Amino acid sequence: MSDLLAARSQMGISLAFHIVFAVIGIAMPLMMVIAERRWQVTGHDIYLDLAKRWAKGTATLFAVGAVSGTVLSFELGLLWPRFMEFAGPIIGMPFSLEGFAFFTEAIFLGIYLYGWDRISPRAHLWAGVGVAVSGAASGIFVVIANAWMNAPAGFELVDGRAVNVDPIAAMGNAAAVSQTIHMTLAAYAATGFAVAGIHALLLLRDPANAFHRRALQIALIVGAPAAVLQPLSGDLSARHIAVHQPVKLAAAEAAFATQAGAPLTLGGWPDVDARATRFAVEIPYALSLLAFHDPHAVVKGLDAVPRDDWPNVPAVHLSFQLMVVLGTYLAVVSLWVGWLAWRRRDLAHNRWLMRAVAFATPMGFIAVEAGWMVTELGRQPWVIYGVLRTSDAVTPMPGLVVPFLAFTLLYCFLGVIVVWLLYRQILQSPTMPEWRGFYMPAKGRGTGKEEGA
Amino acid sequence: MTLADLVAGIIFLALNAYALLGGADFGGGVWDLLATGPRKERQREVIAEAIGPVWEANHVWLILALVLLFTCFPPAFARLGTLLHIPLSLVLFGIVLRGSAFTFWRYGGGGHGDPGQRHWGVVFAVASLITPLLLGTTVGAIASGGLADRGAGTGGAFYAAYVAPWLNPFALSVGVFALVAFAFLAAVYLTVEVEEPELREDFRRRALASGVALFGVALSALLLSPAAVRGALVFASWAVPLHLLTGAAAVTALAALCYRHWRLARAAAAVQVSLILWGWALSQRPYILPPDLTVAAAAGPPATLRLALAALVLGAVVLLPSLYYLFRVFKAGERPSLE
Ligand code: HDD
Ligand code: HEM
Ligand code: HEM
């Protein structure tokens, strides 16, 4: 394994690990706040129990997110010193703002988790709001930094050095809007469906369990609207990359040749040497239509750049397909939920719906990982698109396979423990006798329309 | 004083805050490991209660220093990441294990006293011991001026570039110093935070012992230091007043502990450790990475520095009241109860 490959793999593993906790850290606080607010409005202690149980799980996940994020901040220098030397002054700004967002997040999380009986209920709820807002803000800031790597702006390149640095313009780069919207929605969709899925699984055994019914409802209030919006925002992302990162779109679509009236390629295996995609279904004109809203528009193919500048086409194509399939599934299930809720049907007793939601448990997270593979692998061989190659950014330190293996083992170990701890915690919940017989009044049940989500 | 000096000073302030707050959280882990006597379990309990609500916030000081460093002084960040790859990776291992083991221990299903959870407590404590040691060692490597840009190397050159700067007696002695200093801070803070008199005496004894040990390790670090560092620390114009102040703070801290003036002891200990840190900063001025990279040469473009400063002011407006609130809720002597 070359040092460059080891560095890329270590970065990829660390990010893929961190994003799971980051996504949970963005969306879980919102769900806790909704549950707590409902407790304050309705006076039903079941909501308080729910908020506390969610908070307990989140505490563990948040700590792992914080330490894995710390690893990332260091890894930027440990693995990519030349990238940071170039990019630091230009794009350090969102990282610094993110630092402050972390601060408020960690402060209010401490208050939220440990302050249940130290501060007034109102102050406690506001602490939760503080966590939710700063969690979303930290995600947005760091994605702005990533967007800049995809669509660099805010500097001029003179003899390989950046001059006329304008950090504000760098933050306003072309990819920032589409990526931050798509990522923030992804966080709510993925976490909302993961939580809803777990409670749906438990409801399949015990549909009258009031605890899980309410948990399901709140999780869907957060997850379903985001999942419906996600394909629309994905379309925005796709149209952005069609203009600014044509190679990435070409790899995602496995489009080898530049053509007008390009078809949309579904499935298939891209054969890079033959420059053709086998076993694919093609929908005529659909790619031009989706990317430029014009059936005859010219869509650049991989042939627009030299072979050396291609990313790993099969990996990007498959990841993209996976994300779109999962996104479509989540959106359809969400529309189904919305329809039933609008008709005021009892969601928990609809076994097919519960099966569909339970089936969706891991899907949002898989889509998040797949989407990031599109973004990051699709940018290769560049770390800053068109400006700095990944191979020129890597540290001269030899033997990088050692830290790569060490961190991979560490993350596998932590991952197993976290899953096991959460499993134990979830196992504890359905046997709670106190909420078993607590039946929910039919009104206000299972609708997705109350309270801001 | 230039803009770059100002920003560098602020970064150092963040590091100072990290040492006083995050450092004490590590020190708590050390006392968890060394818990003895009839109140052993109670000691561990109060340590965990003291760390629980604040350690994640305290930890962010390090992140803040780091992001400001790569925003405002990118060549320094790049060189640190390259030449100190090995010890910094080990520090990261320690940080990851400390943080996650702590939460697994405190939140891992069963009750706090659950003996099945104690192995996480051990991981937490051992990681709390090793991380400051390595962190201090990297500081020693920087202070000793071993991080000159010699370029990449393998074989013998590998050792010279990537290992020798930190694997030497001086750097390691700074590591030991950091460890003892953090343990000292933790013990002093705990005397203020615990309420039971016997526990307080436990931590008072620990504070006194580590405070005395701190003199010893500081002296040995000074004796092991390279001549250039020692020269700056002893003969610079600011050196004598600074040493006198530090010594006064140290004596005050120990005397206050003897006479059980807990709050005075806490303030004096914090001042003492801060002054030592600032002594380090002053001794290597104008270099950010001695022997050749100055603050001015490493600084990013003025536009970036100005914006970073603006962001810092803006951030402080949000941050300082929030921090004050956090510590008021959890660290005020009389627990506020708004209910
Ligand atoms: C719940 C997660 C999720 C779901 C359901 C979708 N995506 Fe996505 N997608 C992401 C999660 C995600 C992501 C992980 O959040 C990415 C990676 C980088 C980013 O900004 O968002 C992403 C990136 C990403 C990109 C690359 C953007 C770039 O590199 O700038 C495109 C073109 C799409 N997505 C398009 C779609 C489409 C057409 C979807 C239709 C169903 C879709 N996504 C569903
Ligand atoms: C959290 C979600 C993310 C995931 C899952 C992810 C995934 C990856 C992967 C798989 C790679 C290796 C790509 C390759 O070399 O083939 C990579 C590289 C990298 N990513 Fe990301 N990424 C994420 C977000 C970010 C963000 C927000 C940033 C920065 C601000 C970032 C910065 C980098 C850098 C600097 C590299 C190394 C250079 C390169 O390979 O291009 N990533 N990431
Ligand atoms: C190169 C990329 C990244 C770096 C350097 C990074 C850095 C960090 C750091 C240092 C922390 C710890 C803060 C603390 O101590 O509380 C953290 C946590 C967090 N990060 Fe990242 N991060 C990266 C990618 C991402 C991405 C892509 C997202 C989301 C979209 C994200 C969202 C979060 C959130 C929400 C937290 C809060 C902690 C949690 O909920 O687990 N980060 N990150």
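Please read these numbers as outputs of a predicted model, since none were measured by experiment.

1. Some thoughts on a nonpolar patch on the surface
Residues and elements named next belong to chain B.
And then number 1: The grouping of Leu33, Leu34, Val122, Val126 and Ile130 at the surface amounts to a nonpolar patch, some 350 Å² of accessible area in total.
And then number 2: Top element by residues in the nonpolar patch is helix α6 (residues 118–143). It accounts for three residues.
And then number 3: Tracing the backbone through its elements, the reader meets valine 122 in helix α6.

2. Regarding helix α11 (residues 351–359) of chain A
And then number 1: Among the residues of α11(A), Leu353(A), Met354(A), Ala356(A), Val357(A) and Ala358(A) are the ones counted as buried.
And then number 2: On its buried face, α11(A) is in contact with α6 (176–205), α7 (210–244) and α10 (313–342) of chain A.

3. Notes on the confidence of the model for chain A
All names here are of chain A.
And then number 1: With 94% of its residues at a pLDDT of at least 70, chain A reaches an overall mean of 89.
And then number 2: Model confidence for chain A, summarised as mean pLDDT per element, is weakest for helix α15 (residues 433–436) at 50 and strongest for helix α12 (residues 363–379) at 96.
And then number 3: Contacts from residues 439–453, a stretch scored under 50 in pLDDT, to residues over four places away or in other chains number 32 contacts.

4. Brief notes about the nonpolar core
And then number 1: With 231 residues, the main nonpolar core has Trp54(A), Phe83(A), Trp148(A), Trp61(B), Phe73(B) and Ile288(B) as its most contacted residues.
And then number 2: A total of 19 residues in this core trace back to one element, the largest contributor, which is helix α2 (residues 45–79) of chain A.
And then number 3: What Ile288(B) contacts, discounting residues up to four positions off in sequence, is Leu69(B), Phe73(B), Ala76(B), Ile142(B), Leu293(B), Thr294(B), Val295(B) and Ala298(B).
And then number 4: Core analysis: the next-biggest nonpolar cluster, separate from the first, contains 16 residues, Ala251(A), Ala252(A), Leu302(A) and Ala370(A) among them.

5. Quick notes on the site of ligand 2
Residue and element names in this part refer to chain A.
And then number 1: Neighbouring residues of ligand 2: 22 residues in total, closest Arg8, Leu15, Glu376, Arg379 and Gln380.
And then number 2: In the model, an oxygen atom of ligand 2 is placed 2.4 Å from a nitrogen or oxygen of the arginine 8 side chain.
And then number 3: Within the side chain of glutamine 380, an N or O atom sits 2.8 Å from an oxygen atom of ligand 2.
And then number 4: Listing elements by their share of the shell around ligand 2, those giving two or more residues are α1 (3–42), α3 (81–114), α4 (121–150), α12 and β9 (382–384).
And then number 5: Per element, the largest residue contribution to the shell around ligand 2 is six residues, and it comes from α1.

6. Quick notes on the site of ligand 1
All names here are of chain A.
And then number 1: Near ligand 1 lie 21 residues; those nearest to it are His182, Lys248, Met323, Val368 and Thr375.
And then number 2: Glutamine 179 places a polar side-chain atom, nitrogen or oxygen, 3.3 Å from an oxygen atom of ligand 1.
And then number 3: Elements with a minimum of two residues in the shell around ligand 1: α6, α7, α10 and α12.
And then number 4: By residue class, the composition of the shell around ligand 1 is eleven nonpolar, nine polar and one charged.

7. Thoughts on the packing of aromatic side chains
And then number 1: Scanning all chains against the criterion turns up 23 aromatic pairs over all chains.
And then number 2: Ring plane angle 40° and centroid distance 5.2 Å describe the contact between Phe158(B) and Tyr162(B), whose orientation is recorded as tilted. Placement of both Phe158(B) and Tyr162(B) in helix α7 (residues 156–163) is noted, with a separation of four residues, approximately one turn of the helix.
And then number 3: By relative accessible area, which is 0% here, Tyr162(B) ends up buried.
And then number 4: Each residue in the set Phe17(A), Phe21(A), Phe407(A), Tyr411(A) and Phe93(B) is aromatic and connected to the rest through ring pairs, giving one cluster.
And then number 5: Here Lys52(A) stacks its cationic end above the ring of Trp116(A), 5.0 Å away from the centre of that ring.

8. Examining α1(A)
Residue and element names in this part refer to chain A.
And then number 1: If you check α1, its first and last C-alpha atoms are 59 Å apart, about what 40 residues at 1.5 Å a residue would give, namely 58 Å.
And then number 2: In the structure, α1 departs most strongly from a straight axis at alanine 27, where the bend amounts to approximately 25° and where the proline proline 29 lies between one and four residues downstream.
And then number 3: Phi for glycine 43, located one or two positions after α1, is positive at around 75°.

9. Some words on the interface of chain B and chain A
And then number 1: Contacts between chain B and chain A engage 69 residues on the former and 65 residues on the latter.
And then number 2: Together chain B and chain A conceal approximately 6000 Å² of surface at their shared face, both sides included; 79% is due to carbon and sulfur atoms.
And then number 3: If you sort the residues of chain B by the area they bury against chain A, His85(B), Leu92(B) and Tyr107(B) come out on top, with a joint share of 11%.
And then number 4: Inspection of the region where chain B meets chain A yields zero salt bridges.
And then number 5: Listing elements by their share of the side of chain B that touches chain A, those giving two or more residues are α3 (55–72), α4 (74–83), α5 (85–107), α7 and α14 (302–331) of chain B.
And then number 6: Top contributing element to the side of chain B that touches chain A by residue count: α14(B), with 16 residues.
And then number 7: Tallied by class, residues from the side of chain B that touches chain A come to 46 nonpolar, 20 polar and three charged.

10. Some points on the coordination of the iron atom of ligand 1
All names here are of chain A.
And then number 1: Every protein donor of the iron atom of ligand 1 is listed here as His182 (NE2) and Met323 (SD), and their distances to the metal cover 2.0 to 2.3 Å.
And then number 2: Around the iron atom of ligand 1 sit six donor atoms, and with donor-metal-donor angles ranging over 83 to 180° the site reads as octahedral. You can see histidine 182 sitting in helix α6 and its partner methionine 323 sitting in helix α10, a full 141 residues away along the chain. Side by side, histidine 182 and methionine 323 carry an identical accessibility label, which is buried.

11. Thoughts on the pattern of salt bridges
Between side chains of opposite charge, a pair can form as their charged atoms come close.
Residue and element names in this part refer to chain B.
And then number 1: Within the structure shown, the criterion is met by 14 salt bridges over all chains.
And then number 2: Aspartate 292 is the salt-bridge partner of arginine 79, the closest N and O atoms lying 2.9 Å from each other. Of this pair, arginine 79 sits in helix α4 while aspartate 292 sits in the loop between β1 (287–289) and β2 (293–294), placing them 213 residues apart in sequence.
And then number 3: Owing to a relative accessible area of 40%, aspartate 292 belongs among the partly exposed residues under this scheme.
And then number 4: Measuring nitrogen to oxygen at the nearest pair gives 2.7 Å for the salt bridge that ties aspartate 202 to arginine 205. Placement of the pair is aspartate 202 and arginine 205 together in helix α9 (residues 197–224), with a separation of three residues, close to one helical turn.
And then number 5: Taken together, the shared-partner salt bridges in this structure form one network comprising Asp32, Glu41 and Arg44.

12. Topic: the packing of α7(A) against helix α8 (residues 246–253) of chain A
If you want to describe how two helices pack, look at the angle between their axes and the distance between the axes.
Residue and element names in this part refer to chain A.
And then number 1: The N-to-C vectors of α7 and α8 enclose an angle of 120°; their axes lie 5 Å apart at closest approach. Between α7 and α8, the interaxial angle falls into the category oblique. Residues Ala238, Ile241, Ala242, Val243 and His244 of α7 lie in contact with α8, whose contacting residues are Pro246, Lys248 and Leu249.

13. A closer look at the side chain of His124(A)
And then number 1: The residue His124(A) is located in helix α4 in this model.
And then number 2: His124(A) has contacts with Glu36(A), Ile111(A), Tyr112(A), Gly115(A), Trp116(A) and Ile119(A), leaving out every residue within four places of it along the chain.

14. Regarding the environment of Leu277(B)
All names here are of chain B.
And then number 1: Positionally, leucine 277 belongs in helix α12 (residues 262–283).
And then number 2: Spatially, the C-alpha atom of leucine 277 lies 8.8 Å from that of phenylalanine 12, the residues being 265 residues apart in sequence.
And then number 3: Leaving out residues up to four positions away in the same chain, leucine 277 has contacts with Phe12, Asn16 and Ala19.

15. Quick word on the side chain of Ser178(A)
Residue and element names in this part refer to chain A.
And then number 1: Assignment of secondary structure puts serine 178 in helix α6.
And then number 2: The buried category is assigned to serine 178, whose relative accessible area is 6%.
And then number 3: Here the side chain of serine 178 touches alanine 175 through a polar contact of 3.3 Å, landing on its backbone oxygen.
And then number 4: Aside from chain neighbours lying at most four places away, what touches serine 178 is Leu236, Ser237 and His240.

Conventions we followed
Residues numbered from 1 in each chain as written. Chains lettered and ligands numbered in written order. Predicted model: local features only at pLDDT ≥ 70, side-chain atom pairs only at ≥ 80, totals over all residues. Heavy atoms only, no water. Patch = residues over 30% accessible without salt bridge, like charges linked within 9 Å, V, L, I, M, F, W, Y side chains within 5 Å. Areas by Shrake-Rupley, 256 points an atom, 1.4 Å probe, with all protein chains shown as cover. Salt bridge = Lys/Arg side-chain N within 4 Å of Asp/Glu carboxyl O. Helix = DSSP H or I, 4+ residues; strand = E, 2+ residues; numbered from the N terminus. Buried < 20%, exposed > 50% of the residue type's maximum accessible area, 1.4 Å probe, protein only. Contact = heavy atoms within 4.5 Å. pLDDT = per-residue confidence, 0-100. Core = buried A, V, L, I, M, F, W, Y, C linked by side-chain atoms within 4.5 Å. Near = heavy atom within 4 Å. Polar contact = N/O pair within 3.5 Å; in protein donor to acceptor, adjacent residues only side chain to side chain. Nonpolar A, V, L, I, M, F, W, Y, C, P; charged D, E, K, R; others polar. Phe/Tyr/Trp six-rings, centres within 6.5 Å; stacked < 30°, edge-to-face > 60°. Lys NZ or Arg CZ within 6 Å of the ring centre and 35° of its normal. Expected span 1.5 Å × (residues − 1). Bend = angle between axes of the 7 residues up to and from the residue. Buried area = accessible area lost by both parts, 1.4 Å probe. Donors = N, O, S within 2.8 Å, 3.2 Å for Na, K, Ca; no water. Tetrahedral: all angles 85-135°; square planar, octahedral: opposite > 155°, others 65-115°. Axes fitted to C-alpha atoms, helices over the stretch in contact; angles between N-to-C directions. Parallel < 35°, antiparallel > 145°, perpendicular 65-115°, else oblique.

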